[in-house]
Amino acid sequence: MDIKLPFGLQDGKLVDISSVDSGLGCNCVCPSCGQRLVAKKGDFNQHHFAHHDRVECEGAVETALHIYAKNILEKHKRIVLPPVYLNNSDRLIFPPTEVAFDKVVLEKRLNNIIPDIIVFIRGKPLLIEIAVTHFVDKFKESKILALGYSAIEINVKSLFNTAYHKVFGYRDFEKLLIEETNFKRWVNNLKQNLISEQIKKLVTSKKVIHSGLYKYPTVDNCPIDKRIWKSGHKKGQSYASLDDDCWNCPFGEIIRKQKYFNNGMMVIEGKIREVYCCAHRQEEIDDIITKFKRTKDLQATIIT
Ligand code: SF4
Ligand SMILES: [Zn+2]
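This write-up is about the structure you can find in this document. No experiment lies behind these values; they were computed from the predicted model shown.

What counts and how
Residues numbered from 1 in each chain as written. Chains lettered and ligands numbered in written order. Predicted model: local features only at pLDDT ≥ 70, side-chain atom pairs only at ≥ 80, totals over all residues. Heavy atoms only, no water. Pairing = 2+ DSSP bridges. Helix = DSSP H or I, 4+ residues; strand = E, 2+ residues; numbered from the N terminus. Axes fitted to C-alpha atoms, helices over the stretch in contact; angles between N-to-C directions. Contact = heavy atoms within 4.5 Å. Parallel < 35°, antiparallel > 145°, perpendicular 65-115°, else oblique. Left-handed = near helix turned anticlockwise from the far one by under 90°. Nonpolar A, V, L, I, M, F, W, Y, C, P; charged D, E, K, R; others polar. Buried < 20%, exposed > 50% of the residue type's maximum accessible area, 1.4 Å probe, protein only. Arc of directions from axis to C-beta. Donors = N, O, S within 2.8 Å, 3.2 Å for Na, K, Ca; no water. Tetrahedral: all angles 85-135°; square planar, octahedral: opposite > 155°, others 65-115°. Near = heavy atom within 4 Å. 1 Å grid on protein atoms, 1.4 Å probe; cavity = no way out; pocket = protein on both sides within 12 Å on 5 of 7 lines; lining within 4 Å. Sits in = over half its atoms within 2 Å of the grid points. Salt bridge = Lys/Arg side-chain N within 4 Å of Asp/Glu carboxyl O. Phe/Tyr/Trp six-rings, centres within 6.5 Å; stacked < 30°, edge-to-face > 60°. Lys NZ or Arg CZ within 6 Å of the ring centre and 35° of its normal. Points joined across faces, edges and corners; volume = space filled by probe spheres on them.

With that settled, the discussion passes to the sheet that holds strand E11 (residues 117-121). Strands sit in the order E10-E11-E12-E13-E14 across an open sheet of five strands; the sheet is mixed. The sheet is open, and its two edges are formed by strand E10 (103-106) and strand E14 (184-188), each paired on a single side. Ignoring strand direction, the axes of neighbouring strands in this sheet form an average angle of 25°. Bridge analysis of E10 against E11 gives four bridges, and the strand direction is antiparallel. From the neighbouring strand, Val105 faces E11, where its bridge partner is Ile118. The strands touched by helix H2 (residues 138-147) within the sheet are strand E12 (124-131), strand E13 (150-155) and E14, with E14 carrying the most contacts at an inclination of about 60°.

As C-alpha cells, this is what we get:
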C-alpha cells in the first residue's frame, strides 16, 4: 500500500497532520525537498499532506518516517529488543528484552558507516537502523560485523503500514515501534556471536561427498537426522545436504571455502571438502548456552 505523507516540517519540527490547520495555513514544508505542503483534511480520504506544486517527491515519506522514528526513540529512550536465538536456529537464548538508553546519538559516522542511531545501554553501544525503503544489505552487514557492535534493524515501513491499516493512530505507531519485536531483527548480536564461537570449538570434521550418483554434495551420518537415505546401500542411514542443511545449520561450520562480498553478493570459490560439525555434543552446547544466559543484568549482557 502506498503511504500518503502524514508529516510535514513546521518551523523545523516534524508535525503530524492531525495537529495542523487544513490547507496552506498548515504552514509546513516537505521534510525531504523543502517545498510547501498543503494539509488535506477532507471528509472522505485519509488526512495527509500534499505538495503545493502538485509534484509529489519520492523521498518525502521515507524522510518523514525516518525523522519520526528517531524522534520517538530519542523521546522515550527505551526499546524492546527482539529475541536472540542460537545462530540460524530456533533455539532461544534471550527472550525479547526491554532496554533503557543512557544516551542517544543520531547519524554519527563510525569508521566507514553512518548508523541512523547509536544508543548506549549501561554505557555499551547498540546501533539502530531505521529501514523504510533501504534495508541493511550483506555489504553493510559485513561492515557492522567488522565494527564489532551489536545492531538491530527496524522495518519502519511495515510497522507504519500496520498502524496505518487500522486507521492510523500515532499512539499505535509509537507503541509498536518501542514494544513490538516482529518488525525488528538483529543485524549483529555480539553475544550470539560469542556463543557460536564457543560452540565451534566442539566441532569435528566430516567429509563432504561429491558423488556422481547424487546431484548435490552430501554429508553422511548427520547427528540431527536431517535426511534419511530411502534406498541404496546406505538405506536407513542419516545424511545431510551440504547446501540445504549444513550451510545454515547452527552446528556446522563449512570449510575449504573462500568467500568474499562483492556488491553485497556472497561469492564462493572452490569445491567444499569438509564440514566441521558439533551437533553430536548437545550436552556441552547446552552448558555453554546456560553459562551465557546466567546473568543478573540482562540489559547489559544482551548486546555485549
Ligand atoms: S552440520 Fe548440521 S546438517 Fe550438517 S551434518 Fe552436522 S548437524 Fe547435520
Ligand atoms: Zn518533497
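Closest axis-to-axis distance for the helix H5 (residues 190-200)/helix H6 (residues 282-293) pair is 10 Å, and the angle between their directions is 150°. Between H5 and H6, the crossing angle belongs to the class labelled roughly antiparallel. Our pair here, H5 against H6, has a crossing hand that is right-handed. Facing Lys191, Leu194, Ile195, Gln198 and Ile199 of H5, the residues of H6 in contact are Ile285, Ile288, Ile289, Lys291 and Phe292. Among the residues making up the contact of H5 with H6, the classes are represented as seven nonpolar, one polar and two charged.

Moving on, we come to H5. The complete set of buried residues in H5 reads Lys191, Gln192, Ile195, Ser196 and Ile199. Looking down the long axis of H5, one finds its buried residues gathered within 140° of arc, a one-sided arrangement. Packed against the buried residues of H5 are strand E7 (84-85), strand E8 (92-94), H6 and helix H7 (298-301).

In this section: the coordination of the zinc ion (ligand 2). Taken together, the protein donors to the zinc ion (ligand 2) comprise Cys30 (SG), Cys33 (SG), His51 (NE2) and Cys57 (SG), at separations of 2.1 to 2.3 Å. Metal-centred angles of 101 to 120° between the four donor atoms at the zinc ion (ligand 2) mark the site as tetrahedral. Taking the relative accessible area as the measure of exposure, Cys30 reaches 1% and is therefore buried. With a relative accessible area of 24%, Cys57 lands in the partly exposed category.

Take the site of ligand 1 next. Surrounding ligand 1, one finds Cys222, Pro223, Ile224, Lys226, Ala240, Asp245, Cys246, Cys249, Gly252, Val275, Cys277 and Ala279. In this structure, ligand 1 is accommodated by the largest cavity.

Attention shifts here to the pattern of salt bridges. Summed over all chains, the structure comprises 16 salt bridges. Residue Asp286 is joined to Arg91 by a salt bridge in which the shortest nitrogen-to-oxygen separation is 2.1 Å. Of this pair, Asp286 sits in helix H6 while Arg91 sits in the loop between E7 and E8; the two residues are 195 residues apart in sequence, bridging distant segments of the chain. Its relative accessible area of 26% is what places Arg91 among the partly exposed residues. When the shortest N-O distance is used, the salt bridge between Glu141 and Arg185 registers 3.4 Å. Of the two residues, Glu141 is situated in helix H2 and Arg185 in strand E14; the sequence distance between them amounts to 44 residues. Within this structure, Arg78, Glu98, Lys175 and Glu179 form a network of salt bridges that share partners.

Turning our eyes to something else, we now look at the packing of aromatic side chains. Under the definition given, this model contains four aromatic pairs. Between Tyr68 and Phe173, the ring centres sit 5.0 Å apart and the planes meet at 25°, which makes this aromatic pair stacked. With Tyr68 in helix H1 (residues 60-76) and Phe173 in helix H4 (residues 170-179), this residue pair connects regions lying 105 residues apart in the sequence. Phe173 matches Tyr68 in its accessibility class, with the two residues each being buried. Each residue in the set Phe7, Tyr68, Phe160 and Phe173 is aromatic and connected to the rest through ring pairs, giving one cluster. One Lys or Arg, Lys103, reaches over the ring of Phe120 and ends 5.0 Å from the middle of that ring.

Attention shifts here to empty space enclosed by the protein. Counted according to the given criterion, the structure contains one cavity of 30 Å³ or more. What lines the largest cavity is a set of 14 residues, among which Cys222, Ala240, Cys246, Cys249 and Cys277 lie closest to the centre. Partitioning the lining of the largest cavity into residue classes produces ten nonpolar, one polar and three charged.

Our focus in this paragraph is unusual backbone geometry. Located in the positive-phi region is Arg122, a residue other than glycine, with phi close to 50°. For Asp225, which is not glycine, the phi torsion reads 50° and is therefore positive. Along the polypeptide, Asp225 turns up in the loop between strand E16 (218-220) and strand E17 (227-228). The class for Asp225 is partly exposed, based on a relative accessible area of 48%.

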